[in-house]
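# Understanding the architecture of this molecule
Here is what each chain is made of, one letter per residue.
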Protein chains: 2
Amino acid sequence: MTPVPASRPARERLLDAAGGLFYESGIAATGVDAILARAGVSPATMYAHFAGKDGLVAAYLQQRHEAWQRTWDEVLAERDDPVERLLSVFDAVTRFRERGGNRRGCGFLAAATELPPGHPGRPWLDADSQLLTGRLRDLAVTAGAGDPDDLAATLLLLYDGALSRYARGATTPGLPGGDPLARARRLAREQVLAALGQS
Amino acid sequence: MTPVPASRPARERLLDAAGGLFYESGIAATGVDAILARAGVSPATMYAHFAGKDGLVAAYLQQRHEAWQRTWDEVLAERDDPVERLLSVFDAVTRFRERGGNRRGCGFLAAATELPPGHPGRPWLDADSQLLTGRLRDLAVTAGAGDPDDLAATLLLLYDGALSRYARGATTPGLPGGDPLARARRLAREQVLAALGQS
DNA sequence: GTCTATAAAGCGATAGAC
DNA sequence: GTCTATCGCTTTATAGAC
């Protein structure tokens, strides 16, 4: 008979604070105290909402995964041409980064580096990989690529290359060679056209 | 008048232990205790050789940077053809990984993600970036590329893509699309030939 | 140069009141 | 559901003997 669950504010503030700090300073380097201070929440409240720091990390990755997927869905809904739909992953990540004010690299790549094998956040990293490989493959099939898995793997390589360049360049502000994502998209377009042309 | 400094064993054992643990478990997640236990060294001895954990991290990165540069030098000494010399970075990293028994991604990429802005190890990450961009550019010039900086940036993108794929795949054992480094080399070869052909 | 023992701080997590 | 106060462990780092 509860009218509305409605217990939002503290949990959301915690996720916001944790998300910012995890992304900015790294997961292992971010203490629970810092998250609590930024969120303006007491320790007991946090442990009422999440199963410890690991649970908060997992929730952060889930939230980020879902936001990323929504952004990609959004961009896909704006594209009709099969080639443009294949390249949409680059436009989507550009939009995702603009929204989040992302200055560093990919949050999932960083988490993949930091989290130990059995961590409860790992499944969301796998979900991210699955989304990328699966969706790129499907789009390649629809576009009529001769070897969809091969084309998807190539696009994924370029995607990873651009994002890891951001991670390295966080220190050295002046990225040489212009925007890595723009370069990756250009190369991806070449590869897509070549793969469709000779199929 | 000291005949030989010769104070090696403890310091080297510490670097070996730290290198293995930092690479395997991450820098922030690796405690000093674990390093001391693996090296069989007491805390006081470590602090006599290094300025704290940060100093040890910096020394680890310096050692890794120098080993990587030596490996690349070695491979370059075996190549005469300008195109092969440009692609040598992919062969060198393959050899480097075989030697170190590397299963995870790039140690420098991981460190770039983990280390805060003012960390004493940062200069070695910059040195690594400098080595890659500078040397690739020089090789592109020698090969006669019309836009050496552009070609170098493209090769770097592919290089980063392959290495970050390893980082993500550490969890998911079955990497789709075959070996990322082989794929990156193949794409790089295409780009090099195209860049030299139309110059 | 290397050890044993310990200090000092930070961390994740919990108890109990409201 | 949220707070204040605190526990207990781990971590980095140092003191002092050999």
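Structure: above.
Residues numbered from 1 in each chain as written. Chains lettered and ligands numbered in written order. Predicted model: local features only at pLDDT ≥ 70, side-chain atom pairs only at ≥ 80, totals over all residues. Heavy atoms only, no water.

## Structural notes on the interface of chain B and chain A
Taken together, the 38 residues of chain B in the interface contact 38 residues of chain A. Interface area for chain B against chain A, summed over the two sides, is near 3300 Å², with a carbon-plus-sulfur share of 53%. At the boundary of chain B and chain A, one finds 6 salt bridges. Across the pair B:Arg183 and A:Asp150 runs a salt bridge, and its minimum N-O distance is 3.1 Å. Secondary structure elements with two or more residues in the side of chain B that touches chain A: helix H6 (107-114), helix H7 (122-143), helix H8 (148-169) and helix H9 (180-197) of chain B. Examining the composition of the side of chain B that touches chain A, we find that 13 residues originate from one element, H8(B), more than from any other. Split into classes, the residues belonging to the side of chain B that touches chain A amount to 16 nonpolar, 10 polar and 12 charged. (Contact = heavy atoms within 4.5 Å. Buried area = accessible area lost by both parts, 1.4 Å probe. Salt bridge = Lys/Arg side-chain N within 4 Å of Asp/Glu carboxyl O. Helix = DSSP H or I, 4+ residues; strand = E, 2+ residues; numbered from the N terminus. Nonpolar A, V, L, I, M, F, W, Y, C, P; charged D, E, K, R; others polar.)

## Observations concerning the protein's contact with DNA strand C
Lining the immediate environment of DNA strand C, one finds 17 residues, of which A:Val32, A:Lys53, B:Ala44, B:Thr45 and B:His49 sit closest. The sugar-phosphate share of atoms of DNA strand C within 4 Å of the protein amounts to 60%. Within the backbone of B:Ser42, one N or O atom sits 3.0 Å away from a phosphate oxygen of DNA strand C. Take B:Thr45: an N or O atom from its side chain is 2.9 Å from a phosphate oxygen of DNA strand C. Within the residue set of the surface near DNA strand C, elements represented by two or more residues are helix H3 (43-49) and helix H4 (52-76) of chain A together with helix H3 (43-49) of chain B. For the surface near DNA strand C, the element with the highest residue contribution is H3(B), accounting for 4 residues. Looking at the surface near DNA strand C, its residues break down into 8 nonpolar, 8 polar and 1 charged. (Near = heavy atom within 4 Å. Polar contact = N/O pair within 3.5 Å; in protein donor to acceptor, adjacent residues only side chain to side chain.)

## Describing the protein's contact with DNA strand D
Neighbouring DNA strand D are 17 residues, the closest being A:Ala44, A:His49, B:Val32, B:Tyr47 and B:Lys53. Per the 4 Å cut-off to the protein, sugar and phosphate atoms form 56% of the nearby atoms of DNA strand D. Contact between DNA strand D and A:Thr45: a phosphate oxygen at 3.0 Å from a side-chain N or O atom of the residue. At the level of elements, H3 of chain A together with helix H2 (32-39), H3 and helix H4 (52-76) of chain B are the ones that each hand at least two residues to the surface near DNA strand D. Looking at the surface near DNA strand D element by element, the count peaks at 4 residues for H3(A).

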